[in-house]
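Reading the structure
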Amino acid sequence: MQKLLEGIRRYHDEIFPTKREQLERLMREGQKPEILAVACSDSRIKLGDLTQSGPGELFVVRNAGNIVPPWGEMPSGVSASIEYAVNVLPIRDIIVAGHTGCGAMHAVLEPQAIREMPQVMGWLKFAREAHCTGSLMETTRKNVLLQLQHLRTYPCVKEREDAGKLGIHGWVLMMETGDVDEYNEAEQRWERIT
Ligand code: ZN
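Below is a short write-up of the structure. For every chain, the first residue of the written sequence is number 1, and numbering continues from 1 along that sequence. Totals for whole chains, interfaces and linings use every residue, but because this is a predicted model, local features are given only for residues with pLDDT of at least 70 and side-chain atom pairs only at 80 or more, for both listing and counting. Excluding hydrogens and water, the side-chain values take into account all heavy atoms of the structure.

Burial classes follow relative accessibility: with a 1.4 Å probe on protein chains only, a residue under 20% of its type's maximum area counts as buried, one over 50% as exposed, and anything between as partly exposed. What counts as a helix is a DSSP run of H or I of at least four residues, what counts as a strand is a run of E of at least two, and both are numbered from the N terminus. Counting buried residues along strand β1 (residues 35-40), five of its six residues qualify, which places the element largely inside the surrounding structure. At least two DSSP bridges between two strands are required for those strands to pair. Taken together, the six bridges between β1 and strand β2 (residues 58-63) define a ladder with parallel strand orientation. For Val38, the partnering residue across the bridge sits in β2 and is Val61. The sheet contact formed by β1 and strand β3 (residues 93-99) spans five bridges and is parallel. Counterpart to Ala37 in the pairing with β3 is Ile95.

This is how it looks when you write it as structure tokens:
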């Protein structure tokens, strides 16, 4: 915690002054992000660094396993954030980003690891179909595609995608190398985009 407090002070004194104008403008004019990203809560992921994005550019939803519960399944922070972003903000693309070494995907592969955690078990039921006999990477990729399917159950998402106003992307972040793979839906294969 001490490190965090020192960080806050350093940000305030040294870094914030270099961003003051930008942040004042964003606060005055409101946010206009064009990208909505759904990523895992994993502490090793820094989406801003990875995509070299600054304040106001990414609207981010993070949770264990980068999961999107299907439409109408239950009101949740994830579904509310997606609905808000797509209806109110000028979102043009949605990215669902899984990552290598994901603990949630490990739990999907080996559910006995989370049997004492009913909330985690309940949440990961939205990823259960990604379970496969293959590797952790295979499950991670399958989960991203499953969550894209769930995303398309949202009427506001489906409508805009069908109208050509919204792009939907599935990514896997290679945490060890900084590479990113994207699923090419037309070709039905994963491609490196870095
Ligand atoms: Zn994860």
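Let's pick the thread back up.
On to the sheet that holds β2. Backbone hydrogen bonds hold the strands of a sheet together, and the pairing may be parallel or antiparallel. With mixed pairing, six strands are arranged side by side in an open sheet as β2-β1-β3-β4-β5-β6. Each edge of the open sheet carries a strand with a single partner, namely β2 and β6 (189-192). Looking at each pair of strands side by side, their axes are set apart by 25° on average, direction ignored. When strand β5 (residues 179-184) meets β6, the two strands line up antiparallel, connected through four bridges. Note that in β6 the partner of Asn184 across the bridge is Arg189. Only C-alpha atoms enter the line fits that serve as axes; for helices the fit covers just the stretch in contact. Angles between N-to-C directions range over 0 to 180 degrees.

Donor atoms (N, O, S) are those found within 2.8 Å of the metal centre, with the cutoff raised to 3.2 Å for Na, K and Ca; water is not part of the atom list, so apparent gaps in a site can occur. At this site the zinc ion is bound by Cys40 (SG), His99 (NE2) and Cys102 (SG), with donor distances of 2.0 to 2.3 Å. The sequence motif formed by the donor residues of the zinc ion is C-x58-H-x2-C. For the pair His99 and Cys102, one class covers both residues: buried.

In this analysis the probe radius is 1.4 Å and the grid spacing 1 Å, with only protein atoms considered; a cavity is a set of points the probe fits into but cannot get out of, a pocket is an open set with protein on both sides within 12 Å along at least five of seven lines, and lining residues have an atom within 4 Å of a point. Grid points are joined across faces, edges and corners, and a volume is the space filled by probe spheres set on the points. Reported here for the largest pocket is a volume of approximately 260 Å³. As for the largest pocket, its lining consists of Tyr11, Lys19, Lys46, Asp49, Ser53, Gly54 and Pro55. Residue composition of the lining of the largest pocket, by class: two nonpolar, two polar and three charged. Considered as a void within the structure, the second largest pocket measures approximately 180 Å³ in volume. Amino acid classes used here: Ala, Val, Leu, Ile, Met, Phe, Trp, Tyr, Cys and Pro are nonpolar; Asp, Glu, Lys and Arg are charged; the rest, including Gly, are polar.

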